[in-house]
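Residues per chain, in single letters:
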Amino acid sequence: MAVSMTGFGTSTVSIGDATIHIEMKTVNHRYSDVMLRMPGVFHSAEHTVRKHIAAGISRGKVDVFMTIEGILPSAKKVFVDWELLADYLGVAEKMDRMEMFTPALSAESFILHSDVVHVTENPQLGEAWQKALLSGVQQALDAVVRMRTHEGLALTQDLQDRLYLLEDYTKQLEQRVPSVVEGYRSRLEQRLKEVDTSRLPNEDQLYREVILFAEKISIAEEITRLYAHIKQFAYILNEQTAVGRKLDFLLQEMNREMNTIGSKASDAASSHIVVDMKSELEKMREQVQNIE
């Protein structure tokens, strides 16, 4: 079954004194494009979050927004080089005995030197926080997938209905070919009579002319390929995988056959049928653009 690329979902999870709010929305896109907007404390979990999303959404533009309410775990970490600090303290003690310290030079300037004590970003998110975050992401993702699946049902039904119309139009074209050829024969005989009855060709000559015309306007191959494309389209539409690109390709091939048939059409009725077919085909292409 086809799945839509349009979806929306939210989730809220709590841990300790903080609450994580997640909003996820998806729209159609040629490829997979995930945009994450999250607080800095979650950056270490970005790769895992992307894997979770990729497991449920293979194609489309995905926007994820995360916010936190409440007390956050510290995203900073204090690093102390204890060996270097011990060396600095030893030097400071000697300098103090030598009365070398002044207001411009104090022991604190050694002890709090950036090489000794500095603050860094905490590269690791606590296990409990990461578990809560991924739980929220999965809940929002599940809601998005449900919406995409539900809309996919409607898209599938619409495409199937239009596919039936295309098949019916194809049958109409197929049935018109004999009458078009016979009409040409009748018109040819009538025109020849009007011009000069003495020059009216014999039955064999007329037959050869009609045969040449029938070959010229033959759409048998195009009709056969159209039937094959329609059958393949119906089959792919019910596959349990991302089918959007396959369906789009088939529609391009159908359009190619219709253009050829349109160029061969020698009567108004057939031309009108082709116009109607291309109109339905364009509506199908618009729908397929939103299928994963």
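Residues numbered from 1 in each chain as written. Predicted model: local features only at pLDDT ≥ 70, side-chain atom pairs only at ≥ 80, totals over all residues. Heavy atoms only, no water.

Attention now goes to the overall build of the protein chain. The helix and strand tally for the protein chain stands at eight helices and six strands. In the protein chain, the order of α-helices and β-strands from amino to carboxyl end is β-β-β-α-β-β-α-α-β-α-α-α-α-α. Every one of the 292 residues in the protein chain was classed for burial, and the buried ones make up 35%. Residue pairs at least 24 apart in sequence account for 81% of intrachain contacts in the protein chain once pairs closer than 6 positions are excluded. A total accessible area of about 17300 Å² is found for the protein chain, and carbon and sulfur atoms account for 53% of it. (Helix = DSSP H or I, 4+ residues; strand = E, 2+ residues; numbered from the N terminus. Buried < 20%, exposed > 50% of the residue type's maximum accessible area, 1.4 Å probe, protein only. Contact = heavy atoms within 4.5 Å. Areas by Shrake-Rupley, 256 points an atom, 1.4 Å probe, with all protein chains shown as cover.)

The next thing to look at is the pattern of salt bridges. For the coordinates displayed, the defined rule picks out 12 salt bridges. Between Arg50 and Glu46 there is a salt bridge, with its nearest N and O atoms 3.2 Å apart. Pair noted here: Arg50 and Glu46 are both in helix α1 (residues 46–56), with a separation of four residues, about one helical turn. Glu46 gets classed as partly exposed once you look at its relative accessible area, which sits at 27%. Here Arg162 ties to Asp158 by a salt bridge, and the two come within 3.1 Å at their closest N and O atoms. (Salt bridge = Lys/Arg side-chain N within 4 Å of Asp/Glu carboxyl O.)

What follows is about the sheet that holds strand β1 (residues 7–15). If you walk across this open sheet you meet the four strands as β1-β2-β4-β3, and the pairing is mixed. Edge positions in the sheet fall to β1 and β3 (32–37), since each has one partner strand and no second. Each adjacent strand pair in this sheet contributes to an overall mean axis angle of 15°, direction not counted. Direction of pairing for strand β2 (residues 18–27) relative to strand β4 (residues 60–70): antiparallel, over a ladder of 10 bridges. Its bridge partner lying in β4, Ile20 is registered against Ile68. α1 rests against β2, β3 and β4 of the sheet, and its axis sits at about 135° to β3. (Pairing = 2+ DSSP bridges. Axes fitted to C-alpha atoms, helices over the stretch in contact; angles between N-to-C directions.)

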